[in-house]
Amino acid sequence: NNLTATAAFTSTNSTPMTLLSPSLNPKNQAALSMAVAMALHFFGYEFARGGNMALFTSSTLGFGANSASYYTLAMTCVSPTSMLLLLGYGRLLDASGPKKALVTSTGFCAGVLAMFALAISMLRHHHVTLGNNWTLSQMIVWISFVFQNSYAHLLYAQMWSFLGSIFTPSQAGKYYSYVAGLSSIASMVAGVSVSRIVTFGLPGLLAAASLSLCGTLILSSRAYTLAEANGFDPSLEMKKRSKEKKLKQGNDDNKKLPLVQQIKDGALLFRRVPALAALFFETITFQSLCTVLNTSLVTQLKDAVPDDQWRAAWTGRFYGCTNGLSTLFQFLIMPTLSQRIDPKSLWKLMPVIPVLCAIFQVLSRSVVYSALSSPISALYLVAFSFLAAKTMDYSLRNILAELVYVPLDFESRYMGKEIIAVFANRFGKSGMAVILSGLQFLLGRNVGEGGLLTGMTFFVSLAWWVSCLSLSSRLMSRDEAERAVGSRMSGVADGNDTSNKKTKDE
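A quick note: this is a predicted structure, and the numbers were derived from the prediction, not measured. (Residues numbered from 1 in each chain as written. Predicted model: local features only at pLDDT ≥ 70, side-chain atom pairs only at ≥ 80, totals over all residues. Heavy atoms only, no water.)

(A) Molecular detail of the packing of aromatic side chains. Scanning the model with the defined rule gives 26 aromatic pairs in all. Summarising the aromatic geometry, the rings of Phe458 and Phe459 are spaced 5.4 Å apart at their centres and angled 70° between planes, so their arrangement reads as edge-to-face. Overall, the relative accessible area of 58% leaves Phe459 in the exposed class. Among the aromatic residues, those joined into a cluster by ring pairs are Phe56, Phe63, Tyr70, Trp134, Trp142 and Phe145. (Phe/Tyr/Trp six-rings, centres within 6.5 Å; stacked < 30°, edge-to-face > 60°. Buried < 20%, exposed > 50% of the residue type's maximum accessible area, 1.4 Å probe, protein only.)

So, in structure tokens, the structure goes:
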């Protein structure tokens, strides 16, 4: 029965599941629409990231020479902001289903970005002071920076959840690298375009990000519409489990769950699915590593590139290079690698390169410090380490993380995934930002001075490797994942057939 259900789910109108097929069936069209929607999201996010970084470090609108100090404060506030967005998403998902949650959250983020672009544009030539330390432009730039670091995971995790619901593990292993590669191409194109668009002003980058999200909204909505019309809507599983829950708990579950109950349900979910808990801690350690490297990059970038627009262009080229390398890996290496090597083994091997880069950073300070003491040399040393970590993240880690969710149930794929993507990602960054802020207060100097960040990079990279080993031990094998998905699809198909039969009888 499981094999039969998997075969039926894999095909619509007897057409194989092939994203590159000349004649796409509805399921393939839905997958392609969601993949392009995700690419547009990342296309716009590059503009938002480059614009906010340049605004944050701007001497006129942002924090200038004090950027590093305010950066850690901003990253500390990212986690609470992400939590608020996550709670709002949870209520939307529970009340209206995955389609309404994605469309509403995407529209909200597009509107907020447009509002920030307009506000900052109006304040470019007006200096308004708030108290003794902040200006109005700094306040808006700070809020925009926090929001930009909070919304990205909320949106793209929902898109991956849709794809994880319509792919089998073997299909996911085959196609996920291409889906991620398409997003990397979009990010790369956006990254190299920042230097041209920024000539219209930094707020124009935020406006471009907002427009890109409008395209994401349209295409993601189309993907769900195709799923609803052709019987592979992920919400079918949600409706089935909701009915089972009501039969167990009675009819008192019609009211919205209070905040405490939402948190309790999330904790029970992670206790029930050990792989989610392991992935949660892996995400925290990896994002902590990225925060340390990013703080180093921000500090060195301000010293080496003082001009605002040149700094925005440099940031765009850096992430464009990162996405270019990731794209090469995703299209040329990952399709073969993911088919021939079990994901459990890839998790064990993935941290090797970032750990080696961290070791090189430590050695470079003690062995060749004098040759790397100039601001430009120090900038490129940190940039190389960050490039290695982000390339590994975009080309391999994200794909492996998405494969973890494919054989899991609806709650794990939609709610558990959002908790990890939104909260764990941001908690790792915010938690490390709090630590860096505390160290800066205790030491009485910028954390970028001396070798503190270099040492922290080394130890956090080792912690990430340990968490990857722990996660690998809790994952299903490839065959176990296929059987789990077959069982899930069989149950959803049986429930859908029963519902259709009742409708016809009525």
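The structure having been displayed, the exposition proceeds.
(B) The environment of Gly316, seen in detail. If you trace the backbone, Gly316 turns up in helix 11 (residues 308-340). According to the relative accessible area criterion, Gly316 is buried, its value standing at 5%. Between the alpha carbons of Gly316 and Arg49 there is a distance of 8.6 Å; along the sequence they are 267 residues apart. Setting aside its immediate chain neighbours within four residues, Gly316 contacts Gly191, Val192 and Val194. (Helix = DSSP H or I, 4+ residues; strand = E, 2+ residues; numbered from the N terminus. Contact = heavy atoms within 4.5 Å.)

(C) Here's a closer look at a nonpolar patch on the surface. On the surface, a cluster of nonpolar side chains totalling about 740 Å² of accessible area is made up of Tyr178, Ile185, Val189, Leu325, Leu328, Phe329, Phe331, Leu332 and Ile333. Where the nonpolar patch is concerned, the elements lending two or more residues are helix 6 (169-197) and helix 11. Along the chain, Val189 turns up in helix 6. Classification of Val189 by relative accessible area gives partly exposed; the value is 38%. (Patch = residues over 30% accessible without salt bridge, like charges linked within 9 Å, V, L, I, M, F, W, Y side chains within 5 Å. Areas by Shrake-Rupley, 256 points an atom, 1.4 Å probe, with all protein chains shown as cover. Salt bridge = Lys/Arg side-chain N within 4 Å of Asp/Glu carboxyl O.)

(D) Representation of the environment of Ala110 in the model. Position of Ala110 relative to the elements: it lies in helix 4 (residues 98-123). The class for Ala110 is buried, based on a relative accessible area of 6%. Put simply, Ala110 and Ala209 are 99 residues apart on the chain and 7.5 Å apart in space, counted from C-alpha to C-alpha. Discounting residues that sit within four places of it in the chain, Ala110 has contacts with Ser210, Leu213 and Cys214.

(E) Quick look at helix 15 (residues 410-443). For helix 15, which comprises 34 residues, the first-to-last C-alpha distance of 47 Å matches the rise-based estimate of 50 Å (1.5 Å per residue) to within 8%. Where helix 15 bends most, at Gly416, the angle is about 30°. (Expected span 1.5 Å × (residues − 1). Bend = angle between axes of the 7 residues up to and from the residue.)

(F) Representation of the packing of helix 5 (residues 136-166) against helix 6. Where helix 5 contacts helix 6, the axes come no closer than 11 Å and their chain directions differ by 150°. The angle between helix 5 and helix 6 places the two elements in the roughly antiparallel class. Handedness of the crossing formed by helix 5 with helix 6: right-handed. Contact with helix 5, carried on its side by Trp160, Leu163, Gly164 and Ile166, involves Gln171, Tyr176, Val179 and Ala180 of helix 6 and no other residues of that element. Its residues assigned to classes, the contact of helix 5 with helix 6 comprises six nonpolar, two polar and no charged. (Axes fitted to C-alpha atoms, helices over the stretch in contact; angles between N-to-C directions. Parallel < 35°, antiparallel > 145°, perpendicular 65-115°, else oblique. Left-handed = near helix turned anticlockwise from the far one by under 90°. Nonpolar A, V, L, I, M, F, W, Y, C, P; charged D, E, K, R; others polar.)

(G) Molecular detail of the nonpolar core. If you look at the biggest cluster of nonpolar residues, it comprises 133 residues, and the most contacted ones within it are Tyr151, Phe162, Leu163, Tyr176 and Trp347. A per-element tally of this core places helix 5 first, with 16 residues. (Core = buried A, V, L, I, M, F, W, Y, C linked by side-chain atoms within 4.5 Å.)

(H) Representation of the packing of helix 10 (residues 274-304) against helix 16 (residues 452-472) in the model. Contact pair helix 10 / helix 16: the axes reach a minimum separation of 9 Å and the direction vectors enclose 160°. Considered as vectors, helix 10 and helix 16 are oriented roughly antiparallel to each other. The handedness of the crossing between helix 10 and helix 16 comes out as left-handed. Looking at the contact of helix 10 with helix 16, its residues break down into 15 nonpolar, seven polar and one charged.

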